[in-house]
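Secondary and tertiary structure notes
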Amino acid sequence: MKAVTINAFGPPSVLTVVDCPKPMISKGEVLIRTSYTSVNFADIKNRTGNKAKANFPMILGLDVAGVIEEVFDDSSGFSKGDQVIAFPKNGAYAQYVVANEQLVFRIPKGVPLEKVAAIPTVLFLSYMLTHRITQISSEESVLIHAASGGVGTMLIQMAKNCGAKKIIGTVSNIEKAPIAYELGAHHVLTYDDFSTKVNDYTNGLGVDVIFDSIAGTVTQEGFNCLAPFGTLVQFGNSSGEVGQIKTSDLHSSCRNVKGFSLGTTRALKPELLQQVASDVFALLQDESFQVPIAAVFSLEDMEKAHTLMESRQHQGKILIKIV
């Protein structure tokens, strides 16, 4: 089979298309013929060595959409030919991948494959953030960082569905604002002194929930516009920076910080994803729920896909079509 591997950490040029053996499965696993995979920011961090441990050659990628090629035995909950999305064991940039059945989800009929291919990481993550880590009410204001990206575009729609009274998005370039407005944001701004702008927009009240995948100084500044009893949800570190949180910013104002990692959840509590899968797919069956796709590349053009992701000029998901 064909796969994209890296043999050293580095720039997008380290991504190389190779021929390698089709993987074997064990009990409780399935073999999936990949139709699509996607590029997530975690892939960039893994490629550059900011997240992954050196274990070369390495196949990157978090999720796939495809077709069950093989099951281990008759006890499997899946059958050959089932269309599924999955979080595979050893990377996703390949024509065939192995996944634990706990992290495989059968695609309902009537959901377009390209639409569902864009969501495994971003929609499961955003649903968990808005329905399990926090529960947004109609009285609350929400700030969503990286609002035009894959997770951000999902979070805006989630907050809208929950009835949030004010949805504010931040973007790196104001030219990215239209997609956030289209999906339901009430106000979009850049990161430059964003806390002051948020406070101005909310008449000094601040926001009740902040969804922060950036970390570092952005997290620190977020406390300047987080309302009393508010929650800052920290679920990523795209900046690569370490932010400092003062305990004095918490107890006296009744504010709190929650952390969440989809990767940790997949590894330690995959049953939590099974619990929300039906709700996630129900969203996809609603034609009004949009899944913006920035670009679709071939497996051979993975370097271009990573370059686009790192440029931060995309809006929505970056897909890889595998044939």
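Our structure's up above, just so we're on the same page.
This section reports on the structure supplied with the text. Residue positions are counted from 1 within each chain, in the order its sequence is given. Side-chain atom pairs in this predicted model are given and counted only at pLDDT of 80 or more, local residue features only at pLDDT of at least 70, and totals for whole chains, interfaces and linings cover all residues. The basis for the side-chain values is all heavy atoms of the structure; hydrogens and waters are excluded.

**Topic: the state of the cysteines**
Using the following cut-off: Note on disulfides: each one is a pair of cysteine sulfur atoms within 2.5 Å. Only protein chains enter the accessibility calculation, which uses a 1.4 Å probe; a residue is then buried when its area is under 20% of its type maximum, exposed when over 50%, and partly exposed in between.
With the rule as written, the count across this model stands at 0 disulfides. Just so you know, Cys 254 is unpaired, no disulfide at all, and the nearest cysteine sulfur is the one on Cys 225, 18 Å from it. For Cys 254, a relative accessible area of 38% puts it in the partly exposed group.

**Some details on the pattern of salt bridges**
Any two side chains of opposite charge can pair, so long as their charged atoms come close to each other. Just so we agree on the cut-off: Salt bridges are defined as contacts in which a side-chain nitrogen from Lys or Arg sits within 4 Å of a carboxyl oxygen from Asp or Glu. Labels follow the DSSP assignment, with helices taken as runs of H or I lasting at least four residues and strands as runs of E lasting at least two, numbered in each case from the N terminus.
A complete count under the given rule lists 8 salt bridges for this structure. Two residues, Asp 19 and Lys 2, come together in a salt bridge whose shortest N-O distance is 3.4 Å. Taken together, the residues span a long stretch of sequence, with Asp 19 in strand E2 (residues 16-19) and Lys 2 in strand E1 (residues 2-6) at a distance of 17 residues. For Asp 19, a relative accessible area of 63% translates into the label exposed. The partly exposed category is assigned to Lys 2, whose relative accessible area is 33%.

**A short note on the sheet that holds strand E14 (residues 256-259)**
To keep it simple, the criterion reads: We treat two strands as partners when DSSP finds at least two bridges between them. Inter-axis angles, ranging from 0 to 180 degrees, are taken between N-to-C directions of lines fitted to C-alpha atoms, where helices are fitted over the stretch in contact. We call two residues in contact whenever any of their non-hydrogen atoms come within 4.5 Å of each other.
Taken in spatial order, the 6 strands of this open sheet run E11-E10-E9-E12-E13-E14, and their pairing is parallel. Pairing within the sheet leaves two strands with one partner each, and these edge strands are strand E11 (187-190) and E14. Sheet twist, expressed as the mean angle between neighbouring strand axes with direction ignored, is 20 degrees. Inspection of the sheet shows strand E10 (residues 166-171) paired to E11 by 4 bridges, in the parallel sense. Looking at the pairing, Ile 168 lines up with His 187 of E11. Packed on one face of the sheet, helix H6 (residues 194-201) meets strand E9 (141-144), E10, E11 and strand E12 (207-212) and runs near 155 degrees to E11.

**Thoughts on the sheet that holds strand E4 (residues 58-59)**
What the 3 strands build is an open sheet, ordered E2-E1-E4; its pairing is antiparallel. At either end of the open sheet lies a strand with only one pairing partner, and these are E2 and E4. Where E1 and E4 come together, 2 bridges link them in antiparallel fashion. Residue pairing for E4: Thr 5 is matched across the bridge by Ile 59.

**Describing the packing of aromatic side chains**
Here is the rule we go by: The criterion for an aromatic pair is that two Phe, Tyr or Trp rings (for Trp, the six-membered ring) have centres within 6.5 Å, with stacked assigned to planes under 30 degrees apart, edge-to-face to planes over 60 apart and tilted to the rest. As a reminder, the over-ring test applies to NZ of lysine and CZ of arginine, requiring each to be within 6 Å of the ring centre and within 35 degrees of the ring normal.
For the structure on display, the rule yields 4 aromatic pairs. Considering the side-chain rings of Phe 87 and Phe 124, the 5.9 Å spacing of their centres and the 75 degrees angle between planes classify their relative orientation as edge-to-face. Here the residue Phe 87 occupies a position in the loop between strand E6 (83-86) and strand E7 (96-100), and Phe 124 occupies one in helix H3 (residues 120-133), the gap between them amounting to 37 residues. The pair Phe 87 / Phe 124 is uniform in exposure class, with both members buried. Geometrically, the ring pair formed by Phe 105 and Phe 124 is tilted, given 4.9 Å between the ring centres and 40 degrees between the ring planes. Here Phe 105 is found in strand E8 (residues 104-106), whereas its partner Phe 124 is found in helix H3, with 19 residues between them in sequence. A single burial state applies to Phe 105 and to Phe 124, both of which are buried. Following the ring pairs from residue to residue traces out a cluster consisting of Phe 87, Phe 105 and Phe 124. The ring of Tyr 96 has Lys 22 lying over it, and the distance from NZ or CZ to the ring centre is 4.4 Å.

**Re the nonpolar core**
How we decide: Buried residues of nine kinds, namely Ala, Val, Leu, Ile, Met, Phe, Trp, Tyr and Cys, make up a nonpolar core once their side-chain atoms join them within 4.5 Å.
In this structure, Ile 85, Leu 123, Phe 124, Leu 129 and Phe 211 are the most contacted members of the largest nonpolar core, which totals 56 residues. Mapped by element, the contributors of at least two residues to this core are helix H2 (113-117), H3, E9, helix H4 (150-161), E10, helix H5 (177-183), E12 and helix H9 (271-285). Element by element, the count of residues in this core is highest for H3, at 8 residues. What Phe 124 contacts, discounting residues up to four positions off in sequence, is Ile 85, Phe 87, Phe 105, Ile 119, Leu 262, Leu 273, Val 276, Ala 277 and Val 280.

**Observations concerning the side chain of Lys 317**
Worth spelling out the cut-off: Note that His is not counted, nor are the chain ends; the positive residues are Lys and Arg, and the negative ones are Asp and Glu. Within 3.5 Å is the distance limit for a polar contact, defined as a pair of N or O atoms, with the added protein rule that one can donate a hydrogen and the other accept it, and that residues adjacent in sequence qualify only through two side-chain atoms.
Positionally, Lys 317 belongs in strand E16 (residues 317-321). Salt bridges are absent for the buried Lys 317, whose nearest opposite-charge side chain, Asp 63, sits at 5.1 Å. At 3.5 Å, the side chain of Lys 317 forms a polar contact with the side chain of Ser 38. At 3.3 Å, the side chain of Lys 317 and the backbone oxygen of Val 39 are in polar contact. Once you skip the residues sitting within four places of it in the chain, Lys 317 turns out to touch Ser 38, Val 39, Asn 40, Ala 118, Val 122, Gly 150, Pro 292, Ile 293, Ala 294 and Ala 295.

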